[in-house]
Every structure is written in C-alpha cells, then in structure tokens.
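Close look at the chain arrangement
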Amino acid sequence: MSKIYEIEDLQGPPGVIRKKGAMTECPIDGHIGAAYVHCLEGEDHVGEATHMLSYSWNYSIGDIVDTLTDYCQQNQLDPKRTYIWICCLCVNQHRVVESTATGNSGLVGSSSQVDFFAIFGERVKRIGHVLAMMAPWKAPIYITRVWCIFEIFTAHTTEGCKVDIVMPPKEKKSLEKDVITKGRGIEALYETLSRTKVEHAKASVESDRLAILTKLESGIGYSILNNQVNNLLRGWMHGVLTQLVEAHKETNDKAYVVFCNRIGVILWKNGQDDAAMKLHQAALTICATVLGQNHRLTAATYNNIGAILTSKGDYEGALLNYGDALLIEQSVLQKNHLFVASTHNNIGYVLYEMGDYEGALSQYIRALSIRLSVLRKNHPAVASSYNNIGLVMMKLGNYGGALSKCTEALAIQVAAGGKHHPVVATFHDNIGAVLQEMGDYEGALSKYKEALAIKLSLLGWNHPDVATTYNSIGGVLLAMGDIDGSLENFKKAFAIFSSLLGKNHPHVAITYHNIGSALKEKGDYDGALSKYKEALVIDLSVHGKNHPSATTTTILV
C-alpha cells in the first residue's frame, strides 16, 4: 500500500530507489549513483521500453503493479517481455537531488526548458505508447498533477504516439458498482469529467508548474487539453462497459434486463445509438420470455428503444414504442407514477420534432402535472418539463412566456446539479434559441457558446448534441451577417451529424438547409439550391410533405 513518495522521499535520505544504485557507477555520466534501471540485468527484468507509464507518485505500488498486470492480461501481452519506462526507476534520482541541492529547482530548472521539453518529447516519440494511469476513476489524482498533464500533452502532440487510459482492476469494480448497482449511470461519468481542469494542476516545485503550464497554454491551450483528457476517459469507460457486457452476456434473467437498459442508456447518451440498441433489444427479448409483456421493465425497455429511434429520426417507430410503454405503465403502475410522466414527456418530444406543437404541449402538461404531484417544485424533472413547455411556447410565438419557463428551468437545474452538466448546456442552448427569436443575437450567441464549452468538455467533439450547438451558433452568426463564420459552424455540424446519424436524418436535412441559407447570402445561388434540394429530399422521405420546415434545431430533455 506504500506510495512512491513514501519509499523514495527526495527531500530526505535515500530510500528504496536511490539505495539500489547508491554505489553503482552511472553508465551515462560515469559518476557514482545510478538510476534503479541501470542496476538491473537479464531480459526478465530490463529491456528496451515498449510503453511509458504516466502516473503520479501518490499512487501505491500495489495499484501500479495491478494496473500493469491487468493491462497485459487485457491485451494478451507477456508481462516478462513488456517493458515499462517509469520515471521513478528510469530517471537518475541521485542527479535530481544533486540538482536541487545546487540551487536548480526541479527538473525543468536543471537545464534549459527548451532542451528538457525536446529531450522528453524525443523519449515519448521513441517509445511511442503512453499508458496514462488514472485513479480513483471518480476523481483521478492524475489530472491534478502538472507533470502527468505535461506527459499526456506531449503524447498528444507527438505524431504516431498512442495513448491508453489504464486503471487498477478495483476501479473497474468501482465503476460497475456506481453505474450498475447504484444505477447512477452516466451521472457518475459527468461528475468525473467536470473535475478535469488541467490549469489547476499542481507540482512539488513551483517553477516546474509555472514552466509547464506556460508551455501548455501557449501550445494547444487548456480547454483543448481538458477535452482530450476527457475523450480518453470516455473511451476508457466505454471499453470497461464493453467488457462488462461480454462478461454478463450469458445471463438471462431480470438482473440482466436492468443491466442492459442501464448500460444502453449510457451508450445512447454518449452518441452510440447502434451499440445501445443491441443491448435494449437483448433486454426486450428476455422480457418477452422471462418477465412477460405486462411488466414495468418491459415498458422501460420500450421507452429506451423509443429514445434511440427518436435519435435516428424514426419518429413513427418511436411513437409506437412509447405507446406500448404507456399502455403497460397505465396497467401496472399508479396513474401519477413518475415513469408515466416520463413517457408522456417522451411522446411530447417526438410530437414536437414532428411539428405537432399543440399535441406536444398537451403531453408536456400531463408530464408536469404528475411530476408536481410527486416531486418538489425545484426537482430537475420539473425543470425538464418547464424547459420543454417553454420551447413549445416559443414555437407558438409566446416569446416572453418561453423565456420565463426556460430561465426557470435553468435555475432549477444549476441549483440541483451544478453549472457543468449536459442538461445545463441544453438549457443554455434553448434560452439562446428564444433570445434569437426575440432578436437579441448577442445574448443568444453568448448562451450558445456557454452550451458548447460544457458539451465539448463532457460529451466530446463528435456528439450529436455538440453538432446541435454548432448549428445554433451558425444560425445566429448568419443573422448577424457573419456568413463565413456561420458556414464554418454549419459544416462542423454536418460532419458530426452525417458521421453519426447517417445522410438521411432530419438533423442532416436541417444542416443542409442552414448551409443553403448561408450560401444564398453569400451569392452562391446554385450552391444554395443544391443544398435546399438535398434537405427537401430528406424531409419528404422522413416526414412527408406536410411537415413544417425549420432552420434551427433545439434539444428537449
């Protein structure tokens, strides 16, 4: 359980690491006092590095060993022939102490910063594979240490270098408990991602911290690096969830239905519709054979399938599944049950997307009535209803009422879950949409940018909700006369939507229409006509000829 800094405190007498090479000549400089690695012999103990471990000295030795052993097992690697470059053992700690004693503060201060960064970058390039160890998964120490951040920055800016997130096996169990047993699902991930603030990272030596943060800020910048770290965390979580699915796939009972639905919702909220659909369909098959048609878990599974079909633009299919869910819930649950409210809300969302605003409003009011009868007035679910009703009011031309509802929804959500949450981002988006309709373009743009910053951090750049905000920013820039800026954002939205949702999706049609509008303003009438025609083809195939056209997209919760 000892931490690295407990077995080798560079502020005190030699510990386990320095004692190993205290009387050995360093093969690099010829002086007495060698790195730990230079005291090892035999290919079972030392060899040319295949991986670099990026970690914190606050980690325990047991966790480091468990993490590397698990990594080898998961990737079918021979532990005896997988050589890990690890700084506490491969850097000559005698020279680090000597440098500090002569007045040079820290590794960066011991030589020119440019030389040090270049030397370290070359080492990362030669090894070519960095393992970033993050633990505990809910609040990684890694992202609080500036040296760790610098190492992952170097890996990301080194061409051809691969980066993998690694964690101790016990962290996988912790994730499984949080996501499945407690049912907290995606919220646990959002809480972790919201803590990523590399600009707040610390170092033992202040000069090192300042030098590295200056390097990061002048390079790719804090926000981009925060997003890159979070992309790695999302990828790691998806990998762990995939392993859990494989481990449970032979199960055929009620617990597996719950498991499939919870993991499926996480995948869906991360934009992985197809993977989520497979799990929900597996759950529905078990429901049919084990639980029966008239079971609340069967209804929940229909609801989840309906949500994915909505994402894919199959509104008729979504309504059928939501209708099946509602019938089951009305027969097995009390009429004011929150599940019933959620299903009314879901049906309202589909009707909204189909342009039936009166029908949507009716469903949203039913959902709100149930929620207010069961929940406190400042509950996030109530905020969701206020938000949705506000957007319908906007479509019906009641901008003042819409702004009031959406603002109230935002205040409730922030009070309940903090400012850094995807739902908060969505509410910013929707307030922006109302402000844009009211002609307050500067206010709308500010809201859209707030939404985008949150989404990029928590969801990553390749997510439908991010594309939605790019569309919104493009729309308001077009209204402000910034045609090139609007086109840039519309094209970002198109790239995301088309890659994730396919070319025949309503969101793609909206983006085609938006690009067409920008091209028209630019004077490229042939280009505009071409985009309008592509949008029309999709709208006719998905909605039919009677659906109202739209030039911006808003997301409801």
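Model, not experiment: these values are computed from the prediction.

Reading guide: rules and limits
Residues numbered from 1 in each chain as written. Predicted model: local features only at pLDDT ≥ 70, side-chain atom pairs only at ≥ 80, totals over all residues. Heavy atoms only, no water. Helix = DSSP H or I, 4+ residues; strand = E, 2+ residues; numbered from the N terminus. Buried < 20%, exposed > 50% of the residue type's maximum accessible area, 1.4 Å probe, protein only. Contact = heavy atoms within 4.5 Å. Areas by Shrake-Rupley, 256 points an atom, 1.4 Å probe, with all protein chains shown as cover. Lys, Arg positive; Asp, Glu negative; His and termini not counted. Charge placed at Lys NZ, Arg CZ, Asp CG, Glu CD. Polar contact = N/O pair within 3.5 Å; in protein donor to acceptor, adjacent residues only side chain to side chain. Expected span 1.5 Å × (residues − 1). UniProt positions renumbered as here; feature names shortened; annotations may be inferred. Pairing = 2+ DSSP bridges. Phe/Tyr/Trp six-rings, centres within 6.5 Å; stacked < 30°, edge-to-face > 60°.

Looking at the overall build of the protein chain
- When helices and strands are tallied, the protein chain shows 26 helices and four strands.
- The dimensions of the protein chain, computed from C-alpha atoms along their principal axes, are 85 × 60 × 40 Å.
- Residues classed as buried in the protein chain amount to 51% of the 557 residues present.
- In the protein chain, the proportion of contacts linking residues at least 24 apart, taken out of those at least 6 apart, comes to 68%.
- Surface summary for the protein chain: the accessible area is close to 24,900 Å², and the carbon and sulfur share equals 54%.
- Of note, the protein chain has its 51 positive side-chain charges centred 5 Å away from the centre of its 55 negative side-chain charges.

Some points on the side chain of H505
- Positionally, H505 belongs in the loop between helix 24 (483–501) and helix 25 (506–522).
- A polar contact of 3.2 Å, which involves the side chain of H505, links it to the backbone nitrogen of G313.
- Every residue in contact with H505, bar those within four places of it in the chain, is listed here: T310, S311, K312, G313 and I538.

Regarding helix 14 (residues 273–291)
- Counted at 1.5 Å a residue, the expected span for helix 14 with its 19 residues is 27 Å, and the 25 Å between its end C-alpha atoms agrees.
- Turning to helix 14, its buried residues number three or more, namely D273, A276, M277, L279, H280, A283, I286, C287 and L291.
- Looking at the buried residues of helix 14, the elements they touch are helix 12 (222–248), helix 13 (254–269), helix 15 (296–311) and helix 24.
- Taken from the residues just after helix 14, G292 is the one with a positive phi, measuring 90 degrees.

Focus: the UniProt feature "repeat: TPR" (unreviewed entry) in the protein chain
- Here the UniProt feature "repeat: TPR" (unreviewed entry) sits at residues 299–332, 341–374, 425–458, 467–500 and 509–542.
- In residues 341–374, the share of helix is 91% and the share of strand is 0%. The end C-alpha atoms are 10 Å apart.
- The distance separating the terminal C-alpha atoms of residues 425–458 is 10 Å; by composition the span is 91% helix and 0% strand.

Quick word on the sheet that holds strand 3 (residues 129–133)
- The strand order across the open sheet built from four strands is 2-1-3-4, with neighbouring strands paired in parallel fashion. On the outer flanks of this sheet lie strand 2 (84–85) and strand 4 (162–166), each paired with one strand and no other.
- Two elements, strand 3 and strand 4, share five bridges in a ladder whose sense is parallel. Looking across to strand 4, one finds that H129 is bridged to K162.

Overview of the packing of aromatic side chains
- Counted under the stated rule, the structure contains six aromatic pairs.
- Ring geometry for W147 and F150: centres 5.9 Å apart, planes at 85 degrees, overall edge-to-face. Of this pair, W147 and F150 are both found in helix 8 (residues 146–156), three residues apart, which corresponds to roughly one turn of the helix.
- Judged by relative accessible area, F150 falls into the buried class, the value being 1%.
- Centroid distance Y256 to F259: 5.7 Å. Interplanar angle 20 degrees. Geometry classified as stacked. In this pair, Y256 and F259 both sit in helix 13, three residues apart, roughly one turn of the helix.
- The class for Y256 is buried, based on a relative accessible area of 6%.

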